[in-house]
Amino acid sequence: MPSDKIVAVGFLTQRDVALLGQGFTRLFPVTDDTSFDDLLAKLELVSATPGQPVPDRHRR
């Protein structure tokens, strides 16, 4: 049997998981630490629409 192709990976809050409901079963919890800070900072720079500028989310 071929394995399913991974099409998305996400960092979800507990609220996100609750909204997805019981049908969402492939969940891998992570501890609340700084292990993902570098990755999250880089992901903040990725545009959701290729070729579009990324808004400065930290500017006020």
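Residues numbered from 1 in each chain as written. Predicted model: local features only at pLDDT ≥ 70, side-chain atom pairs only at ≥ 80, totals over all residues. Heavy atoms only, no water.

## Brief notes about the overall build of the protein
Reasoning step 1: For the protein, the helix and strand inventory stands at 2 helices and 0 strands.
Reasoning step 2: Among the 60 residues that make up the protein, the fraction classed as buried is 2%.
Reasoning step 3: Carbon and sulfur atoms make up 57% of the accessible area of the protein, which amounts to about 6400 Å² in all. (Helix = DSSP H or I, 4+ residues; strand = E, 2+ residues; numbered from the N terminus. Buried < 20%, exposed > 50% of the residue type's maximum accessible area, 1.4 Å probe, protein only. Areas by Shrake-Rupley, 256 points an atom, 1.4 Å probe, with all protein chains shown as cover.)

## Re the environment of leucine 27
Reasoning step 1: Secondary-structure assignment places leucine 27 in the loop between helix H1 (14–20) and helix H2 (37–43).
Reasoning step 2: With a relative accessible area of 42%, leucine 27 lands in the partly exposed category.
Reasoning step 3: With 17 residues separating them along the chain, leucine 27 and glycine 10 place their C-alpha atoms 9.8 Å apart.

## Quick word on the layout of surface pockets
Reasoning step 1: Empty space within the largest pocket amounts to approximately 870 Å³.
Reasoning step 2: For the largest pocket, the lining is made up of 24 residues, of which Val9, Gly10, Arg26, Leu27 and Phe28 are closest to its centre.
Reasoning step 3: Of all the secondary-structure elements, those providing two or more residues to the lining of the largest pocket are H1 and H2. (1 Å grid on protein atoms, 1.4 Å probe; cavity = no way out; pocket = protein on both sides within 12 Å on 5 of 7 lines; lining within 4 Å. Points joined across faces, edges and corners; volume = space filled by probe spheres on them.)

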